[in-house]
Amino acid sequence: MSLEKQELLDLKSKIGREPTSTELQIIAAEWSEHCSYKSSKKHLKMLPMTGPLVINEKGYDSGVLDVGDGYVVTAHIESHNHPSAVEPYGGAATGVGGVIRDILSAGTRPIAIFDGLRFGNIENDLQARWLFKNAVTGIADYGNCLGIPTIGGEVEFDECYENYALVDVAALGFGKKENLIKNHAKKDDLVVLMGGSTGRDGIGGSQFASDSLESEDRSAVQIPDPFIEKLIIEAVLQARNDGLIHAMKDLGGGGLSCAISETADALEIGIEMDVDKVHTRESDMHPDEIMVSESQERMLIVTSKTKLKKLEEICKKFRIGCSVIGRVKFDNQVHIKKGSKTVANLSADFVANATLLDLPSKVPDYLKNIETEKKFKPISNYSKTLMKLLASPNIASKIWVYGQYDHEVGIRTVVKPGRDASVLRLDNGKFLSAKIDGNPKHCYINPREGAIGCFEEACRNVVCTGAKPIGMLDHLQFGNPNDPEIFWTFLESLKGLTDFAKTFDIPCVGGKVSLYNETPKGPIKPTPVIGVIGLIDKKPSIQQKISKGDCLLIVGDTKDEMGGSEFFEYIHKFVGGKCPVVNFDDSKKNMKSVLDVIKNDLVKSVHDCSKGGLAIAVSELSMTNLIGCKVSLEKVPGEKLDIDRILFSESHSRYLLVCDKTNLSKIEVILKKNKVSFKQIGQFGGEKIQFFNGAKPVIDLNVEKTHKIWLHALPNLVLHGKKSV
Amino acid sequence: MAIFDVHVIIENKPGISDPEGDTILNDLVLKGTHKTVSKIKTAKMLKFTIKEKDKKSAQSKVKEICDDLRIYNPMVSKVTYTVTQE
Amino acid sequence: MKVGVVVFPGSNCDRDMYHVLTDVFHFDAQYYWHEKGLPKNIDAVILPGGFSYGDRLRAGVIAAHSPIIKDVQKMAKKGIPILGVCNGFQILVESGLLPGVLLKNKSLNFMCEWTNLIVENNKTPFTNQFKLNQKIPIPIANGEGRYYVDDDTMKKLKKKNQIVFRYSEVVNGSSNRIAGVCNEDGNVVGMMPHPERAVESEINPVDNKPSSLIFESLLSKIGATK
């Protein structure tokens, strides 16, 4: 239990008596960082949350976007870091379950899952390997069983996650606007708990998520049951179609305590419930345990007496539990009883709204000299360096991961995983594109510019498919916020994201803050993960096979921004330097021009230039098309730079375009008109990936051989402990 | 030295749910005519064959291996060992 | 002509299959919940993919005990076309309507990827529009998809022309690269890959025409009216 002294005093003075043990448990759960956002809430308000497409209604656990023709898309992001660090299989799986129920609670069918995974250095850390492998299996077993495609994500390894795991899950939902749940309640409506039974598993989970891992009590493990979750999805959607749901909320962190108090608070009602009515797994559970159990796969539904019978029939058909546990009152109280005995009676508004904190912040000491570069040993063989990077865990193909996820089920997946962003078809003839991106290496060096970079990268990926960004999800993951230096990095990231969102008119439709991410060696690097949702009105840009003679263009300047690059960190083992900075004007121009080129159907392929820089982006195009490419580095636009910088700088706002020769001049006209910096830098053909500096060859690799190494490096390492290069 | 069979049964700790066992019980066994069954628990069994000096060291060696290599996760699982001599 | 799509708790390709049957090929399709019976006037039955009962114990084994399976068995005897896809195939095998078993993939992982099938038998109600050895680009998505039979059964399968589809290359370690089989009469067909995910050009990155022939074969067998 982690109620602060001051909070306990507040509680006592508010109710004018000693709190009961159940009241203490409820308050501790609801006022935990995880549920109350007490450290971050004051500041999160700076993000723009409205826009012409955003539908805001009370009590939604997910963001809702109007995509036209009477349809909506819902989106949400969550993490399950602490549980996954202890039990990666169950932690990751139940993470998927939680975010899916958030999508469901708006009344929409979940149609896609994305997951961002971060672990320690799997090259030498066996624990990290174990965590990674099991988290992937957990996500696969859960998502596949639900029949919801996992269509995107990212995997990253960094020493700052040693003995820890970041498991972020985002999900999208789709449905008719008229079917959205309009959360409301009438007097004497019934409160129903639907789904799996309530057990002792996961007790104290939300407080656990808000404590550092060192001090935690490791009993808070949750067992995933995707089969029940699938049945809940079908039962809820049928109940929605039959108009049986007045209000709905998923049971997540804090269990019944949070679901009851937040529902009562959002709907401005009171709820009286009886713990004896909850269907429990064990018969001897204490009211306190029932109120804070975080057993998975449960939904809270408010319905009327007349509709109850139909709801019960649906639950019976899908063989899931359904208990009337309470009723709606208009006294704004959360009144918990055991039989006729009151065990807690608190005002909903008081429970659901913890006192918000205004934590101090201070520029971290480590940033003082972080931008100073050191002198490196010159690279003697760039072919070897590129090969080494292509086989490195952060850059190697992730097909071993997404090949375990069913990414086709639901028959919407137009652009499959492994590309810049995946694309789904919608029932109104439009297409949805989505991507999540994070970059702790950049964010560590510059929390503001790093966060903006993640945002822009996710936008770029979506733009590569021909989509216009319409909404953003932010997931802000940091260490202990009571450390002013850590809190400063949080604020900087948030301010950066806010600036970018406002400038680009991309509303934040959902988000999550996860604090206290501490490993035995200290806090994690600042790790904001940004999801961007894009909409395509007509036709997505689908990569066409690249053939001999096709031209390679780059849009955007390459700058001397090596800080946090894979080249510095993986090759030189150096953390520092100046990290990439997004120039908002260039970013906007480049985005618009690329969308123009795509709209005019002039390109075969568009690829984002990011992690590992230009050399990696070109190699990826070559490898996935099994065709060689000859690139002239001196043609790359931007200030004059050394070769290593041109090859590996991770400057933002850059896109690679591949086109047929015959379209080249038309593309150039569009790019010139938009006044963007661009150049044709190469041509495809042959069997070699070649980079030249003038007449001097810099890199020369065989495509097929490189492709094989890139493709198999990750499973070789995870399954056999073998390094490929 | 002698040869021992060490059977390692890995199952969820008491109080931790076992959805697979529950499904087999409720959707298969109890739907048939076998109404006297009240609980089914799933478990994983590993059979080790090991050369050691006695029963006791055979068990402690296998236990050491299981702990070392995270063959089970102590967060969720309970393990029982039975040793027999071949 | 009526096609029944059987739905079990945990089926998750039922809606995809229904969409393809009705919107793409204009069959008169109906869902049938596993606890109910099938009507007498039904012309074909499809068991779609998914995770019936969460794949617990063994994929398909619990669903094979569902009440509706008795009707499926009766219809199979009458010669009515029956197709099981992925989990549907596993259920047909577990209920004794098709020979063999489906084991964990050799990789021990769930596998989702595009592959190619080769048509080995073009006499079934689901393959009568194919040329022998025709290639079908199609996705697989399963964890227990490795088809296995003992040597004697394999000989029998070959003799009675019960191998319907094979993978063009080794995918998951299936005996003889088998991806789909039929019963001796040829009216009950099971296949691991997902034809319903391959018949629309929008989501098929290769060629949607070959897989469409599976449904066109059924159309030609039972005719289509709506």
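Residues numbered from 1 in each chain as written. Chains lettered and ligands numbered in written order. Predicted model: local features only at pLDDT ≥ 70, side-chain atom pairs only at ≥ 80, totals over all residues. Heavy atoms only, no water.

1. Focus on the overall build of chain A
Link 1 in the chain: Scanning chain A from terminus to terminus reveals 24 helices and 28 strands.
Link 2 in the chain: Over its C-alpha trace chain A gives a radius of gyration of 26 Å, about what one expects of a compact globule, namely 27 Å for 725 residues.
Link 3 in the chain: Projected onto the principal axes, the alpha-carbon positions of chain A cover approximately 90 × 50 × 45 Å.
Link 4 in the chain: Counting every position in chain A, which comprises 725 residues, the buried fraction comes to 68%.
Link 5 in the chain: Total accessible area on chain A is roughly 24,600 Å²; 50% of this is exposed by carbon and sulfur atoms. (Helix = DSSP H or I, 4+ residues; strand = E, 2+ residues; numbered from the N terminus. Rg over C-alpha atoms; globule rule 2.2 N^0.38 Å. Buried < 20%, exposed > 50% of the residue type's maximum accessible area, 1.4 Å probe, protein only. Areas by Shrake-Rupley, 256 points an atom, 1.4 Å probe, with all protein chains shown as cover.)

2. A few points about the overall build of chain B
Link 1 in the chain: Counting secondary structure elements, chain B contains 2 helices and 3 strands.
Link 2 in the chain: N-terminal to C-terminal, the α/β element order of chain B is β-α-β-α-β.
Link 3 in the chain: At 16 Å, chain B has a C-alpha radius of gyration far larger than the 12 Å of a compact globule built from 86 residues.
Link 4 in the chain: Structurally, chain B occupies a C-alpha span of about 50 × 30 × 15 Å along its principal axes.
Link 5 in the chain: Across the 86 residues in chain B, those meeting the buried criterion constitute 40%.
Link 6 in the chain: Long-range contacts, defined here as pairs at least 24 residues apart, represent 72% of the contacts in chain B between residues at least 6 apart. (Contact = heavy atoms within 4.5 Å.)

3. Side note on the interface of chain A and chain C
Link 1 in the chain: At the interface, 28 residues of chain A touch 27 residues of chain C.
Link 2 in the chain: For the chain A face of the interface with chain C, the top three residues by lost area are Phe227, Ile411 and Arg425 of chain A, together amounting to 26%.
Link 3 in the chain: Linking chain A with chain C are 4 salt bridges.
Link 4 in the chain: Residue aspartate 225 of chain A is joined to arginine 56 of chain C by a salt bridge in which the shortest nitrogen-to-oxygen separation is 2.9 Å. (Buried area = accessible area lost by both parts, 1.4 Å probe. Salt bridge = Lys/Arg side-chain N within 4 Å of Asp/Glu carboxyl O.)

4. Thoughts on the interface of chain B and chain A
Link 1 in the chain: The partner chain A presents 15 residues to the 11 residues of chain B that form the contact.
Link 2 in the chain: Contact with chain A buries area across many residues of chain B, yet Ser17, Arg70 and Met75 of chain B alone supply 43% of it, more than any other trio.
Link 3 in the chain: Linking chain B to chain A there are 1 salt bridge.
Link 4 in the chain: Here aspartate 27 of chain B and arginine 319 of chain A are joined by a salt bridge, their closest N and O atoms 2.5 Å apart.
Link 5 in the chain: Our count for the contact surface shared by chain B and chain A stands at 3 residue pairs in polar contact (both at pLDDT 80 or more). (Polar contact = N/O pair within 3.5 Å; in protein donor to acceptor, adjacent residues only side chain to side chain.)

5. Some details on the sheet that holds strand β2 (residues 63–68) of chain A
Residue and element names in this part refer to chain A.
Link 1 in the chain: Overall, mixed pairing links the 6 strands, which are arranged β1-β2-β3-β6-β4-β5 in an open sheet. Edge positions in the open sheet fall to β1 (54–55) and β5 (150–157), since each of these has one partner strand only.
Link 2 in the chain: Note that β2 and strand β3 (residues 71–79) share 5 bridges and pair antiparallel. Residue pairing for β3: leucine 65 is matched across the bridge by valine 73.
Link 3 in the chain: The sheet contacts of helix α7 (residues 126–146) involve β4 (109–119), β5 and β6 (166–176), and relative to β4 the element is tilted by about 175°. (Pairing = 2+ DSSP bridges. Axes fitted to C-alpha atoms, helices over the stretch in contact; angles between N-to-C directions.)

6. Looking at the sheet that holds strand β12 (residues 333–338) of chain A
Residue and element names in this part refer to chain A.
Link 1 in the chain: Overall, mixed pairing links the 7 strands, which are arranged β8-β10-β7-β11-β9-β12-β13 in an open sheet. Edge positions in the open sheet fall to β8 (247–250) and β13 (341–347), since each of these has one partner strand only. Across this sheet, the average inter-strand angle for adjacent strands is 20°, counted without regard to direction.
Link 2 in the chain: Of the pairings in the sheet, the one linking strand β7 (residues 190–195) to strand β11 (residues 321–329) comprises 6 bridges and is antiparallel in character. Residue pairing across strands places methionine 194 opposite cysteine 322, the latter belonging to β11.
Link 3 in the chain: Contacts between helix α6 (residues 88–104) and the sheet are confined to β8 and β10 (298–303), with β8 contributing the most and set at about 170° to the helix.
Link 4 in the chain: Packing of helix α10 (residues 255–267) onto the sheet brings it into contact with β7, β8, β9 (270–274), β10, β11 and β12, and relative to β10 it is tilted by some 30°.

7. A short note on the side chain of lysine 512 of chain A
Residue and element names in this part refer to chain A.
Link 1 in the chain: Structurally, lysine 512 is set in strand β18 (residues 508–514).
Link 2 in the chain: Owing to a relative accessible area of 4%, lysine 512 belongs among the buried residues under this scheme.
Link 3 in the chain: Apart from residues no more than four positions distant in its own chain, lysine 512 is found in contact with His34, Tyr37, Ile77, Glu78, Ser79, Asp474, His475 and Leu476.

8. Considerations on the packing of aromatic side chains
Link 1 in the chain: The tally for this structure, following the rule as stated, stands at 25 aromatic pairs over all chains.
Link 2 in the chain: Feature note: the residues Phe376, Tyr382, Phe567, Phe568, Phe574 and Phe648 of chain A constitute an aromatic cluster, connected by ring pairs.
Link 3 in the chain: One residue, arginine 70 of chain B, lies across the ring of tryptophan 130 of chain A, its end atom 3.6 Å from the ring centre. (Phe/Tyr/Trp six-rings, centres within 6.5 Å; stacked < 30°, edge-to-face > 60°. Lys NZ or Arg CZ within 6 Å of the ring centre and 35° of its normal.)

9. Description of helix α24 (residues 703–720) of chain A
All names here are of chain A.
Link 1 in the chain: When the terminal C-alpha atoms of α24 are compared, their 24 Å separation across 18 residues agrees well with the 26 Å that a helix rising 1.5 Å per residue should span.
Link 2 in the chain: For α24, the principal kink sits at histidine 712 and spans about 45°; a proline, proline 715, occurs within the next four residues.
Link 3 in the chain: Of the residues making up α24, those classed as buried are Val703, Thr706, His707, Ile709, Trp710, Ala713, Leu714, Pro715, Leu717 and Val718.
Link 4 in the chain: Put simply, asparagine 702 is the residue that caps the front of α24, since its side-chain oxygen is 2.9 Å from the backbone nitrogen of glutamate 704.
Link 5 in the chain: Just downstream of α24, glycine 721 is the residue with a positive phi angle, here 65°. (Expected span 1.5 Å × (residues − 1). Bend = angle between axes of the 7 residues up to and from the residue.)

10. A look at the environment of alanine 198 of chain C
Link 1 in the chain: Tracing the sequence through the fold places alanine 198 of chain C in the loop between β11 (188–191) and α5 (209–222).
Link 2 in the chain: Leaving out residues up to four positions away in the same chain, alanine 198 of chain C has contacts with Trp114, Pro137, Ile138, Pro139, Asn204, Asn208 and Ser211 of chain C.

11. Quick look at helix α14 (residues 382–390) of chain A
Residue and element names in this part refer to chain A.
Link 1 in the chain: The buried fraction of α14 amounts to 7 of the 9 residues, a majority that puts the element mostly inside the structure.
Link 2 in the chain: Along α14, the residues classified as buried are Tyr382, Ser383, Thr385, Leu386, Met387, Leu389 and Leu390.
Link 3 in the chain: Packing partners of the buried residues in α14 comprise α19 (566–571), α21 (613–625), α22 (643–648), β27 (688–693), β28 (696–702) and α24.
Link 4 in the chain: Sitting at the head of α14, asparagine 381 places a side-chain oxygen 3.0 Å from the backbone nitrogen of serine 383.

12. Topic: the pattern of salt bridges
Link 1 in the chain: One pass over the full model with this rule turns up 63 salt bridges over all chains.
Link 2 in the chain: The partner of arginine 197 of chain C in a salt bridge is aspartate 406 of chain A, and the shortest N-O contact between them spans 2.9 Å. Of this pair, arginine 197 of chain C sits in the loop between β11 and α5 while aspartate 406 of chain A sits in the loop between α15 (399–402) and β14 (413–415), on two different chains.
Link 3 in the chain: Its relative accessible area of 3% is what places aspartate 406 of chain A among the buried residues.

13. What to know about the pairing of β4 of chain A
Residue and element names in this part refer to chain A.
Link 1 in the chain: Most of β4 is tucked away: 11 of the 11 residues are buried.
Link 2 in the chain: With 9 bridges connecting them, β4 and β6 associate as antiparallel partners. Directly across from arginine 118, in β6, lies its bridge partner leucine 166.
Link 3 in the chain: Strand direction decides the pairing type here: β4 and β5, joined by 7 bridges, are parallel. By the bridge assignment for β5, arginine 118 is matched with glutamate 156.
Link 4 in the chain: Taken together, β4, α7 and β5 constitute a β-α-β crossover, and its handedness is right-handed. (Right-handed = clockwise from strand over helix to strand, strands pointing away.)

14. Brief notes about the nonpolar core
Residue and element names in this part refer to chain A.
Link 1 in the chain: Of all hydrophobic cores here, the largest spans 202 residues; its most connected members are Phe132, Phe455 and Leu657.
Link 2 in the chain: Considering each element in turn, this core owes the most residues, 10 residues, to α7.
Link 3 in the chain: Ignoring any residue separated from it by four or fewer positions in sequence, one finds leucine 657 in contact with Cys551, Leu552, Leu553, Val555, Val594, Val597, Val603, Ser605, Val606, Ile667 and Leu671.
Link 4 in the chain: Core analysis: the next-biggest nonpolar cluster, separate from the first, contains 50 residues, Phe574, Ala617, Leu621 and Met623 among them. (Core = buried A, V, L, I, M, F, W, Y, C linked by side-chain atoms within 4.5 Å.)

15. Considering unusual backbone geometry
Link 1 in the chain: Residue lysine 675 of chain A is not a glycine yet carries a positive backbone phi of 55°.
Link 2 in the chain: Summarising the element assignment, lysine 675 of chain A is placed in the loop between α23 (664–673) and β26 (678–684).
Link 3 in the chain: The residue aspartate 55 of chain C is not glycine, and still its phi comes out positive at about 60°.
Link 4 in the chain: If you trace the backbone, aspartate 55 of chain C turns up in the loop between β3 (44–47) and α2 (67–78).

16. Describing the confidence of the model for chain A
Link 1 in the chain: Model confidence for chain A is summarised by a mean pLDDT of 94, while 97% of its residues fall at 70 or above.
Link 2 in the chain: Throughout residues 213–218 of chain A the model reports pLDDT below 50, and contacts reaching past four residues in sequence, or to other chains, amount to 13 contacts. (pLDDT = per-residue confidence, 0-100.)

17. Some points on the side chain of histidine 707 of chain A
Link 1 in the chain: You can see histidine 707 of chain A is positioned in helix α24.
Link 2 in the chain: We classify histidine 707 of chain A as buried; its relative accessible area is 17%.

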